[in-house]
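Secondary and tertiary structure notes
Below are the chains, spelled out letter by letter.
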Amino acid sequence: MNQQLHDLLHDIGDEQEAVYVEPATYARGRRAQRRSVITAVALGVAALAALAAGVSAMPLSDRANDPVGDPDHPALPSRVYAVPEGLVNFHEYGSVWDESVRANSLAIGPTSLVFPVSTDAVMAVSATDGSYRGLDLPGFDGDAFLRFMDAVVALSPDGTRLAYTWNPSVMTNEPLGTPARSGIRVANLETGEVESLAMPSEFGVFAHGLAWSPNSRYLAYNLWTSTTAAGSIRGARNFTVERLDLSTGDRVQVDLTSGEVAPAVSSKGEVAVIGDGVRTWLPGRSPEIRLAHPARIAHTATWSPDGRLATGASDSNRPYVVRAGLPGDMSPRPLPADIDRQTSTRVVAWIGDEVAVLRHTDRGSEVTAIGPSGESRTMITGIRADGYGHVSIATGLLSEPTRDFSQPDWPFDWSQPRIWLGALGLLALLWIAGTFVGRRRELRGQW
């Protein structure tokens, strides 16, 4: 029976006319198939990229490694996490934090570091549990982050007080009367109380380059006296350097020319001013030249508790050390191999015989301790801020071990474009998969 059917089919085939097929038909089919495959692959890659972008916008948590907070032993974090977009909204007269991170008061306890988020919002990191809190600083001149390159908010060495520039007149662009109340405010982060240290002038003043002494008694700062309601400054006499004694409230104008960067103050009240070199001043004593070589113009300085002065020199970004009581005697610290000479660095504190520097890299800013022989160790990583010159660290905690706090549980922000891009990528992958399965079924049905 099978042989008969075979012969019958052959006879039918012999009786039929040959069907003409263009020679290029098969080649066109192959090209069309290749185009379909290439298009599907391209769409798949684009969808995967979109999906990856969406996933990267989602907060990741590592709570399994989260240590228990210790209120009795505050510590600096070994890593600072990037703050997601959308946690702060801006309006005409300032900014408003999302309720999930907004501090209800300034009584947030010991704080490890503060840094700006966007133009006028201040974020604080707890030294006890690693939590992140958006601060509302009454009377804070938010434009100061853009106006000045040095510190306009500064943590005390133990992280319990926060000093910031106070000039509410710039928020309305109008004078507050004569004299305008402005100057410096100091917030007690344990009680939430804010002390106003008024420095009256017709249109207010701008205190910047705020620096604490190692014993937290003194503040040194550059003071610019505004000469117009818009906050502009005219005339050299309106640029001064001052030292504030927080134990008495006494202000003293330093007998030195204002520099371009922040001054530094020692525990005994000696002020170092950095301009075309390094000069120091102490009440009742003539100014001393500590560093005058023009090729070694320093751009940052810090005092140790025992009176040693360290500066960061702009010719090599390496720290220099001035021996106590020996003006002009400076010795450079060898530069560690992993710190490029072109990397921006800022000396922030002493840790015994080490000098801690905040250095800016493509990965963010890092705190590195440099020893007398050039040996180095990284202490804090991941610091990201709109201006690394505005990052302020509780330097008194640098002598203690850092702590591995986990990433905060940031709120999920559906308004981020990357989230929607990821959702579209996922839909595209599902569509491609469905099309492929349907095509396979269609081909099977044809055969």
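Calculation criteria
Residues numbered from 1 in each chain as written. Predicted model: local features only at pLDDT ≥ 70, side-chain atom pairs only at ≥ 80, totals over all residues. Heavy atoms only, no water. Helix = DSSP H or I, 4+ residues; strand = E, 2+ residues; numbered from the N terminus. Buried < 20%, exposed > 50% of the residue type's maximum accessible area, 1.4 Å probe, protein only. Contact = heavy atoms within 4.5 Å. Core = buried A, V, L, I, M, F, W, Y, C linked by side-chain atoms within 4.5 Å. Pairing = 2+ DSSP bridges. Salt bridge = Lys/Arg side-chain N within 4 Å of Asp/Glu carboxyl O. Axes fitted to C-alpha atoms, helices over the stretch in contact; angles between N-to-C directions. Polar contact = N/O pair within 3.5 Å; in protein donor to acceptor, adjacent residues only side chain to side chain. pLDDT = per-residue confidence, 0-100.

Some thoughts on the overall build of the protein chain
Per the secondary structure count, the protein chain includes five helices and 26 strands. Of all 447 residues assigned to the protein chain, the portion counted as buried reaches 46%. Considering only residue pairs separated by 6 or more positions, the protein chain has 55% of its internal contacts joining residues 24 or more positions apart.

Examining the nonpolar core
Of all hydrophobic cores here, the largest spans 50 residues; its most connected members are Phe-115, Leu-137, Val-153, Val-367 and Leu-398. Residue contacts for Val-367: discarding those within four places in its chain leaves Ala-356, Val-357, Leu-358, Arg-377, Thr-378, Met-379, Ile-380, Ile-383, Ile-393 and Leu-398. Grouped together as the second largest cluster of nonpolar side chains are 15 residues, Ala-154, Val-186, Met-199 and Leu-244 included.

Observations regarding the sheet that holds strand β17 (residues 285-291)
Pairing in this open sheet of four strands is antiparallel, and the strands run β14-β15-β16-β17 from one edge to the other. At either end of the open sheet lies a strand with only one pairing partner, and these are β14 (264-265) and β17. Alignment of strand β16 (residues 277-282) against β17, held across four bridges, turns out to be antiparallel. Across the sheet, the residue bridging to Leu-282 is Arg-285, located in β17.

Some words on the pattern of salt bridges
Enumeration over the complete set of coordinates arrives at ten salt bridges. Its salt-bridge partner being Arg-285, residue Glu-288 comes within 3.5 Å of it at the nearest N-O pair. Judged by its relative accessible area of 29%, Arg-285 is partly exposed. Of the charged contacts, one joins Glu-354 and Arg-377 as a salt bridge, the two residues approaching to 2.7 Å between their closest N and O atoms. With Glu-354 in strand β23 (residues 354-361) and Arg-377 in strand β25 (residues 376-383), the pair connects residues that are 23 residues apart, well separated along the chain. The class of Glu-354 is buried, set by a relative accessible area of 16%. On the basis of relative accessible area, Arg-377 is assigned to the partly exposed category, the value being 37%. Overlapping salt bridges, with partners in common, bring together Lys-268, Glu-270, Arg-285 and Glu-288 in one network.

A few points about the sheet that holds strand β8 (residues 183-188)
Across the sheet, four strands lie side by side as β6-β7-β8-β9; this open sheet has antiparallel pairing. Every other strand in the sheet has two partners, leaving β6 (153-155) and β9 (194-198) as the edge strands with one partner each. Neighbour-to-neighbour, the strand axes of the sheet open up by a mean angle of 20 degrees, direction not taken into account. In terms of strand pairing, β6 meets strand β7 (residues 161-166) through three bridges, oriented antiparallel. Pairing of Ala-154 across the sheet is with Ala-163, part of β7.

Brief notes about the pairing of strand β15 (residues 271-275)
Burial runs high along β15: four of the five residues are buried. Hairpin connection from β14 to β15: five residues lie between these consecutive antiparallel strands, with Gly-269 at a positive phi of about 95 degrees.

Side note on unusual backbone geometry
Excluding glycine, most residues fall at negative phi; most peptide bonds, likewise, are trans. With a phi close to 65 degrees, Ser-216 is a non-glycine residue in the positive phi region. Along the chain, Ser-216 falls in the loop between β10 (205-212) and β11 (218-225). A residue is classified by how much of its surface remains accessible, and Ser-216, at 12% relative accessible area, is buried.

Considering the side chain of Ser-112
Along the chain, Ser-112 turns up in strand β3 (residues 111-117). Discounting residues that sit within four places of it in the chain, Ser-112 has contacts with Ala-75, Leu-76, Pro-77, Val-125, Ser-126, Ala-127, Leu-155, Ser-392, Ile-393 and Ala-394.

Examining the pairing of β10
The element β10 is largely enclosed, with a buried count of eight among its eight residues. Here six bridges tie β10 to β11, and the two strands are oriented antiparallel to one another. Bridged to Trp-212 within β11 is Leu-219. Hairpin connection of β10 to β11: five residues between the antiparallel strands, including Ser-216 at a positive phi of 65 degrees.

Let's talk about the environment of Glu-288
Secondary-structure assignment places Glu-288 in strand β17. Along the chain, Glu-288 and Leu-256 lie 32 residues apart, while their C-alpha atoms are 10.0 Å from each other. A distance of 3.5 Å separates a polar atom in the side chain of Glu-288 from a polar atom in the side chain of Arg-285.

What to know about the confidence of the model for the protein chain
Counting all residues, the mean pLDDT for the protein chain is 76, and 61% of those residues have values of 70 or more. Scored below 50 in pLDDT, residues 59-68 shows 17 contacts in the model against residues more than four places distant or in partner chains.

Re the environment of Met-379
Following the sequence through the fold, Met-379 ends up in strand β25. Distance from Met-379 to Leu-398, taken between C-alpha atoms, is 8.4 Å for residues 19 residues apart in sequence. Those residues in contact with Met-379 that sit more than four places away from it in its chain are Pro-77, Ser-78, Ile-351, Val-367, Ala-369, Leu-398 and Thr-402.

A few points about the environment of Ser-376
Checked against the element boundaries, Ser-376 lands in strand β25. Exposure remark for Ser-376: the relative accessible area of 34% places this residue in the partly exposed category. With 20 residues separating them in the primary sequence, Ser-376 and Ala-356 have C-alpha atoms 9.3 Å apart.

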